[in-house]
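# A closer look at the structure
One-letter residues, chain by chain:
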Amino acid sequence: MSDPISAFPVPDLATLPEDVRARIETVQQKSGFVPNIFLALAWRPEEFRAFMAYHDALMNKREGLSAAEREMIVVAISIANQCQYCVVAHGAILRVRAKDPAISELVAANWRKARLPARQRAMLDYATKVAATSHLVSAADRDAVLAAGFTQDELWDIGAIAAFFSMSNRLANAMDLQPNRDFQGIGR
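Chains are numbered independently. Their residues run from 1 in the order of the written sequence. Where local features are concerned, this predicted model is filtered to residues with pLDDT of at least 70; where side-chain atom pairs are given and counted, the filter is 80 or more; whole-chain, interface and lining totals use all residues. To obtain the side-chain values, all non-hydrogen atoms of the structure were used and water was disregarded.

### Describing the pattern of salt bridges
- Note on definitions: salt bridges are taken to be side-chain nitrogens of Lys or Arg within 4 Å of carboxyl oxygens of Asp or Glu. Tallied over the entire structure, the rule returns 12 salt bridges.
- Across the pair R97 and E71 runs a salt bridge, and its minimum N-O distance is 3.3 Å. Taken together, the residues R97 in helix α5 (residues 84-98) and E71 in helix α4 (residues 67-80) connect sequence positions 26 residues apart.
- Put simply, E105 and R188 hold a salt bridge, and the shortest N to O gap is 2.8 Å. Pair noted here: E105 is in helix α6 (residues 103-110) and R188 is in the segment after α9 (152-174), with a separation of 83 residues, a long-range link.
- Where salt bridges share partners, they join K61, R70 and D157 into one cluster. Working definition: helices are DSSP H or I runs of at least four residues, strands are E runs of at least two. Numbering for both runs from the N terminus.

Structure below.
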C-alpha cells in the first residue's frame, strides 16, 4: 500500500481469523471496496468483533429510528468530534439511505441551518449534546426529544448511537484513519 490508511499496522486479509475475514469479504462484495475502518480494526480481531457487534445492534435495527436518521446522527456527532473518516464514510451512507445527494454536506456543514423537520432537529440537538457534553444532559433534554415525537426506545437509541460513535470518532482520530476515496461518489 503506497499511502498508509492508519498509523497502526493493517493486517493481510489472509492472516485474519475466518470470521473476521468473512465479514470483511462480505462488505467488499457488497460495496466493491473494503472500508478502511474494517482493515484498521482487524488488526485486533477481538476488538473488531466487539465493535461490529455493538455497531450492528445499534445501526441494523428495523424498528424505531429510520436508517437515514441513524446515519444522520453519526454524521452530526462526527463533525462535532472532527472525525474526518466518519463524516466521509457515514455521509456516503446517509446520502444513500436518505435518497438525497446533498443531505450529508448540509448536516455536516451545520445541521442547525439545514432545512430539517423539527423532529430531526430535536434528535440532533440531543445527540450532539450527548457527544460533546454528556455530563450536562438533563431530564429537560430527554423530555424535548420525547415531545418531538420519539419513543423512549428511540431516545435510548439516539443517545447510544451518539455515545458509540463518539468513541468510534476518537478511535479513528487516534489512529489517523484515512477515508476511502470510494466513498466520495456514493449516493450522488
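Back to the text.
### Notes on the layout of surface pockets
- Only protein atoms enter the 1 Å grid used here. Points where a 1.4 Å probe fits but cannot escape make up a cavity, open sets with protein on both sides within 12 Å along at least five of seven lines make up a pocket, and a residue lines them when an atom lies within 4 Å of a point. Grid points are joined across faces, edges and corners, and a volume is the space filled by probe spheres set on the points. The space that makes up the largest pocket amounts to roughly 960 Å³.
- Residue lining of the largest pocket: 32 residues in total, with K30, H55, E71, I93 and R97 positioned closest to the centre.
- Going through the elements one at a time, α1 (18-31), α2 (36-42), α3 (45-59), α4, α5 and α9 are the ones with two or more residues in the lining of the largest pocket.
- Sort the elements by how many residues they give to the lining of the largest pocket and α5 lands first, with 8 residues.
- The residue classification treats Ala, Val, Leu, Ile, Met, Phe, Trp, Tyr, Cys and Pro as nonpolar and Asp, Glu, Lys and Arg as charged. All others, Gly included, are polar. Per-class residue counts for the lining of the largest pocket are 18 nonpolar, 6 polar and 8 charged.
- Considered as a void within the structure, the second largest pocket measures approximately 200 Å³ in volume.
- What lines the second largest pocket is F8, A40, L41, W43, R44, E47, F48, F51, M167, L171 and M175.
- Residue assignment for the lining of the second largest pocket shows that the elements contributing at least two residues are α2, α3 and α9.

### Points about helix α7 (residues 118-133)
- Along its 16 residues, α7 runs 22 Å from first to last C-alpha, staying within 8% of the 22 Å computed at 1.5 Å per residue.
- In this scheme, a residue with accessible area under 20% of its type's maximum is buried, one over 50% is exposed, and one in between is partly exposed, where area comes from a 1.4 Å probe on protein chains only. Taken together, the buried positions of α7 are Q120, A122, M123, L124, Y126, A127, T128, V130 and A131.
- Among the structural elements, α4, α8 (139-147) and α9 are those in contact with the buried residues of α7. Expected helix span is computed as 1.5 Å times (number of residues minus one). Only heavy atoms matter for contacts: two residues are in contact if any of them lie within 4.5 Å across the pair.

### Quick look at α3
- With 15 residues, α3 extends 20 Å between its outermost C-alpha atoms, agreeing within 8% with the 21 Å of an ideal straight helix rising 1.5 Å per residue.
- Among the residues of α3, those classed as buried are F48, F51, M52, H55, L58 and M59. The arc that holds every buried residue of α3, seen down its axis, measures 130 degrees, which confines them to one face. Exposed positions of α3 whose direction lies more than 90 degrees from the buried face are E46 and A50. By definition, the arc is the one covered by directions from the helix axis to the C-beta atoms.

### A few points about the nonpolar core
- I73, Y85 and I158 are the most contacted members of the largest nonpolar core, which has 59 residues in total.
- For this core, the elements supplying multiple residues, two or more each, are α1, α2, α3, α4, α5, α6, α7 and α9.
- In this structure I158 touches L65, I73, M123, Y126, A127, V145 and F150, once residues within four positions along its chain are discounted. Remark: nonpolar core denotes a set of buried residues (Ala, Val, Leu, Ile, Met, Phe, Trp, Tyr, Cys) joined through side-chain atoms within 4.5 Å.

### Some details on the packing of aromatic side chains
- Two aromatic rings from Phe, Tyr or Trp, using only the six-membered ring of Trp, form a pair when their centres are within 6.5 Å; if the ring planes differ by under 30 degrees the pair is stacked, by over 60 it is edge-to-face, and anything between is tilted. Under the definition given, this model contains 7 aromatic pairs.
- Residues F51 and F164 carry aromatic rings whose centres are separated by 4.9 Å and whose planes lie at 45 degrees to one another, so their mutual orientation is tilted. One end of the pair, F51, is in helix α3; the other, F164, is in helix α9, with 113 residues separating them in the sequence. The exposure classification of F51 matches that of F164, with both residues buried.
- One aromatic cluster in this structure is built from F51, Y54, F164 and F165.
- For a ring to carry a charge above it, either NZ of a lysine or CZ of an arginine must fall within 6 Å of the ring centroid while also lying within 35 degrees of the normal to the ring plane. R44 extends its terminal NZ or CZ atom over the ring of W43, reaching a point 5.4 Å from the ring centre.
- Looking at R119, its charged tip hangs above the ring of F150, at a distance of 3.8 Å from the centre.

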